[in-house]
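Next come the chains, spelled out residue by residue.
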Amino acid sequence: AAAAPGGGGSSPAGGGSVPVLFCFSVFARPSSVPHGAGYELLIQKFLSLYGDQIDMHRKFVVQLFAEEWSQYIDLPKGFLVSERCKVRLVPLQIQMTTLGNLTPSSTVFFCCDMQERFRPAIKYFGDIISVGQRLLQGARLLGIPVIVTEQYPKGLGSTVQEIDLTGAKVVLPKTKFSMVLPEVEAALAEIPGVRSVVLFGVETHVCIQQTALELVGRGLEVHIVADATSSRSMMDRMFALERLARTGIIVTTSEAVLLQLVADKEHPKFKEIQNLIKASAPESGLLSKV
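Residues numbered from 1 in each chain as written. Predicted model: local features only at pLDDT ≥ 70, side-chain atom pairs only at ≥ 80, totals over all residues. Heavy atoms only, no water.

**Overview of the overall build of the chain**
Then step 1. Broken down by element type, the chain carries 8 helices and 11 strands.
Then step 2. For the chain, the residues scored as buried account for 45% of the 290 residues in total.
Then step 3. Counting contacts in the chain only where the partners sit at least 6 residues apart, residues at least 24 apart contribute 73% of the total.
Then step 4. For the chain, the exposed area adds up to about 14,100 Å²; of that, 55% sits on carbon and sulfur atoms. (Helix = DSSP H or I, 4+ residues; strand = E, 2+ residues; numbered from the N terminus. Buried < 20%, exposed > 50% of the residue type's maximum accessible area, 1.4 Å probe, protein only. Contact = heavy atoms within 4.5 Å. Areas by Shrake-Rupley, 256 points an atom, 1.4 Å probe, with all protein chains shown as cover.)

**Section: the packing of helix α2 (residues 125-142) against helix α7 (residues 254-262)**
Then step 1. Two elements in contact, α2 and α7, have axes whose closest approach is 10 Å; the angle formed by their N-to-C orientations is 5 degrees. Judged by the inter-axis angle, α2 sits roughly parallel to α7. Of the residues in α7, those touching α2 at Val131, Arg134, Leu135, Gly138 and Leu142 are Ser254, Val257, Leu258, Leu261 and Val262. (Axes fitted to C-alpha atoms, helices over the stretch in contact; angles between N-to-C directions. Parallel < 35°, antiparallel > 145°, perpendicular 65-115°, else oblique.)

**A closer look at unusual backbone geometry**
Then step 1. With an omega of -20 degrees, the peptide bond running from Val202 to Glu203 counts as cis.
Then step 2. Following the sequence through the fold, Glu203 ends up in the loop between β9 (196-202) and α5 (204-217).
Then step 3. Residues other than glycine seldom take positive phi values, yet Tyr124 does so here, at roughly 60 degrees.
Then step 4. In this structure, Tyr124 sits in the loop between β6 (107-112) and α2.
Then step 5. Positioned with a positive phi, Ala263 is a non-glycine residue whose angle comes to about 70 degrees.
Then step 6. Residue position: Ala263 is located in the loop between α7 and α8 (270-278).
Then step 7. What makes Ala263 exposed here is its relative accessible area of 68%.

**Overview of the confidence of the model for the chain**
When pLDDT is low, close inspection of the predicted coordinates is not appropriate.
Then step 1. Per-residue confidence for the chain gives a mean pLDDT of 89, with 88% of residues at or over 70.
Then step 2. Note on residues 1-13: pLDDT is under 50 here. Beyond four places in sequence and across chains, it has 42 contacts. (pLDDT = per-residue confidence, 0-100.)

**Quick notes on α8**
Then step 1. Turning to α8, its buried residues number three or more, namely Phe270, Ile273, Leu276 and Ile277. Along α8, the residues classed as buried sweep out an arc of 120 degrees about the axis, all on the same side. Away from its buried face, by an angle of more than 90 degrees, α8 presents the exposed residues Lys271 and Lys278.
Then step 2. Of the surrounding secondary structure, the elements contacted by the buried residues of α8 are α2 and α7. (Arc of directions from axis to C-beta.)

Spelled out as structure tokens, the structure:
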């Protein structure tokens, strides 16, 4: 669908940038987007312009100013920007309800900084390695994309050998604490229909927390796997999980995630997922400190 004109003028057909007026609350800022941009790019632009003022725990609707009606209308399905227009982001009055439904087709796994140098410092590191490996095996069985980061691997080493990264979509070095790098955003954009991120690794109160908050800010639902994330301090870990849960992020377990993804005993991969779950890590007390 082409954009309804929003004040005259249009971009050259076939490429280039299109001027767009982005309106939110009492603000209106002129900017531009690539010709052919759709809903996702418009949302990203709204976040870049107004991110510090947008409460992502609310539901929003994007509307387009339609000259024929002389008012805003809900953004048409399949809308693509082809000419100059005016759009606005409207917060709805209802609070967003986080249901936590997981399906393989709309889920991606994030494995955060499970590196060799953290082994002696992170509490219960052996257990979260075991659970993390099981999650990645489950992702391979179910065809779920996996995004992996390594914090300053030159100094902190690569991902531990026990974790098999075969088939990972990307394995990226970083210095930023959050996993939400430009390369990660590009990888997410290549995966159609992603709604949910299953997140695990270290440290809970630093890289996991900052990643989760950034992902929620981008409108994704985040599930943190409590038995696959830890910190050097159980105090830091506990308060991070409590804070994240209060923001609507789902704190869950590896077994809950894997069984929610298969959903049915008749699922063709159920037996293999069941076998992964049976090979559980020894009782460590990690979950008693959530």
